[in-house]
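Here is what each chain is made of, one letter per residue.
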Amino acid sequence: MTDQPADATPDPRLDLPIVGIVGAGIMGSGIAQLALEAGHEVVMHDVDGPALGRARDRIADGLTRRATKVLDDPAGIDPWVAARIERLRSTEILEQLGDEADAVIEAVLESLELKRTIFRTLDSVADPDTILATNTSALSVGAIADATSHPDRVVGLHFFNPAPVMTLVEVVAGRRTSEAVVMRASELVRNWGRTPVHSADAPGFIVNRINRPFTIRALRLLEANAASIEAIDAAIRDAGFLLGPFELMDLTGIDVTFAASTGIWDSLRRPDRLRPSALQQARIEAGDLGRKTGAGFHRYEAGRRVEQPVDAAEEPRGLAADAIRDRILLPIVDEAYRALAEGVAAEADIDVALRLGAAHPIGPFERARELGGASAVAARLRELAADDPSLFPSDALVAAG
Ligand SMILES: NC(=O)c1ccc[n+]([C@@H]2O[C@H](COP(=O)([O-])OP(=O)(O)OC[C@H]3O[C@@H](n4cnc5c(N)ncnc54)[C@H](O)[C@@H]3O)[C@@H](O)[C@H]2O)c1
């Protein structure tokens, strides 16, 4: 292209890797958009032809929104988008993508067998230097890598939804992933304006594991009728969170949250502290899945929240806001110390991950410091355990104090 405004043409660096995206759904299109924005050539594969067409439209819309934000001159928008979208190619042949791409990011549906089959195929056609990444939220990166003959080049790149908005990426090293591949994958996403954090290949990685108590402990308070849904949400919002736990579950989908909680709980060998709640199950059985069905823990009409929570049974006890916060936020601090002791991630990465990936106003270690250190948190949890033994502080937290 000639005679384009300076910022219409993607970075012409010849060494920019060609990015392959497998799976043209929500995550695949979001990740493709990021790669295109940064000037990469992108090859996208899906077995569903129409899905590839829909993804192209979604990406073009996303790029237009982005251009509207970053460009001062409205006349530059169309050329900016055109220069990027023309670098997107689609194929229904996985081998073709594997052959052409320098880095592949897989985002097909969450099935270990499917992902293993895809990685086996990619591995057989891709150059040995090609990075093979999976966007899995919950599967073991090592179990996917084991399907290949070069497991050292298989890595997790866990983007958050929506990928063009959420800046956190968990870079997950399987037991055989090479350090060089972790570094290259981190550099790639850093060049896309993302913030990579390093995680071990452990259940839920960093955010989905350490933030589990956010919803589980709120559900416990509700099970015990200690406070109303409204009071719990308000106490958490007042601590600087955008959404309370019940508002978040309604937004994510109670079914989706329950499946994630159950998966992580199972993988961690079913500790009582993270046991999913019968209250979630009851709502799922009733078809009240949250915003998407019009009712969950709150009720919605035309996408807007209306009236009080659904079926407020007997009058809740009215636990004070501070007490609510301690019972939800301190177990998150405890979970962070457990994960740190297990080698899931470094302290600084955990703090960044919870801030960027779960919109916490401060990270769990920052919170511990604010409260006077691990020993102060452990002392408070010991007090709370008088009512609920599953709140007892972990050995990891106690040892850190
Ligand atoms: N949605 C989220 O919030 C989120 C967040 C982080 C990670 N993830 C993970 O990202 C992955 C994709 O999730 P999603 O929400 O984008 O799913 P999605 O259902 O929107 O998209 C999945 C796509 O995979 C395609 N597909 C199915 N079988 C295929 C095959 N054999 N070969 C190629 N393509 C195939 C489907 O046609 C579909 O277009 C999952 O592993 C999920 O756990 C999802």
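Everything below is about the structure printed above this text.
Residues numbered from 1 in each chain as written. Predicted model: local features only at pLDDT ≥ 70, side-chain atom pairs only at ≥ 80, totals over all residues. Heavy atoms only, no water.

S.K.: Before we go on, may I ask you to explain the packing of helix α2 (residues 49-70) against helix α3 (residues 77-85) in this structure?
M.R.: Packed helix pairs are specified by the crossing angle of their axes together with the interaxial distance, meaning the distance between the axes. Two numbers describe how α2 lies on α3: the axes approach to 9 Å, and their chain directions differ by 140 degrees. Overall, the two elements α2 and α3 adopt an arrangement that is oblique. Judged by the sense of rotation from one axis to the other, the crossing of α2 with α3 is right-handed. Where α2 approaches α3, its residues Arg56, Ile59, Ala60, Leu63, Thr64, Arg66, Ala67, Thr68 and Val70 are matched on the opposing element by Ile77, Trp80, Val81, Arg84 and Ile85. Broken down by class, the residue content of the contact of α2 with α3 amounts to nine nonpolar, two polar and three charged. (Axes fitted to C-alpha atoms, helices over the stretch in contact; angles between N-to-C directions. Helix = DSSP H or I, 4+ residues; strand = E, 2+ residues; numbered from the N terminus. Parallel < 35°, antiparallel > 145°, perpendicular 65-115°, else oblique. Left-handed = near helix turned anticlockwise from the far one by under 90°. Contact = heavy atoms within 4.5 Å. Nonpolar A, V, L, I, M, F, W, Y, C, P; charged D, E, K, R; others polar.)

S.K.: What exactly am I supposed to notice about a nonpolar patch on the surface here?
M.R.: Residues Leu242, Leu243 and Leu251 make up a contiguous nonpolar surface patch of about 300 Å² in total accessible area. In this fold, leucine 251 is placed in helix α11 (residues 245-252). (Patch = residues over 30% accessible without salt bridge, like charges linked within 9 Å, V, L, I, M, F, W, Y side chains within 5 Å. Areas by Shrake-Rupley, 256 points an atom, 1.4 Å probe, with all protein chains shown as cover. Salt bridge = Lys/Arg side-chain N within 4 Å of Asp/Glu carboxyl O.)

S.K.: Looking at this model, I keep getting lost on the layout of surface pockets. Mind explaining?
M.R.: Over the atoms rolls a probe the size of a water molecule, and in doing so it shows where empty space is left. Volume-wise, the largest pocket comes out at about 1400 Å³. Residue assignment for the lining of the largest pocket shows that the elements contributing at least two residues are α1 (26-37), β6 (154-159), α8 (207-210), α9 (212-223), α11, α12 (254-267) and α15 (347-358). It is α12 that contributes the most residues to the lining of the largest pocket, six residues altogether. Broken down by class, the residue content of the lining of the largest pocket amounts to 24 nonpolar, 14 polar and three charged. The residue makeup of the lining of the largest pocket includes at least three contributed by each of domain 1 (6-201) and domain 2 (207-401). A volume near 380 Å³ is recorded for the second largest pocket. Residue lining of the second largest pocket: 17 residues in total, with Gln33, Gly62, Arg65, Pro164 and Val165 positioned closest to the centre. (1 Å grid on protein atoms, 1.4 Å probe; cavity = no way out; pocket = protein on both sides within 12 Å on 5 of 7 lines; lining within 4 Å. Points joined across faces, edges and corners; volume = space filled by probe spheres on them. Domains from an automatic or database assignment.)

S.K.: Any chance you could explain the site of the ligand here in plain terms?
M.R.: Around the ligand sit 22 residues in total, of which Met27, Asp46, Glu110, Lys115 and Ser137 are the nearest. Methionine 27 has a polar backbone atom sitting 2.8 Å from an oxygen atom of the ligand. At 2.7 Å, a side-chain N or O of lysine 115 approaches an oxygen atom of the ligand. Taken by itself the ligand offers 830 Å² of open surface, and the protein chains cover 75% of this. In terms of residue count, the dominant contributor to the shell around the ligand is helix α5 (residues 112-125) (three residues). For the shell around the ligand, a count of residues per class yields ten nonpolar, eight polar and four charged. (Near = heavy atom within 4 Å. Polar contact = N/O pair within 3.5 Å; in protein donor to acceptor, adjacent residues only side chain to side chain.)

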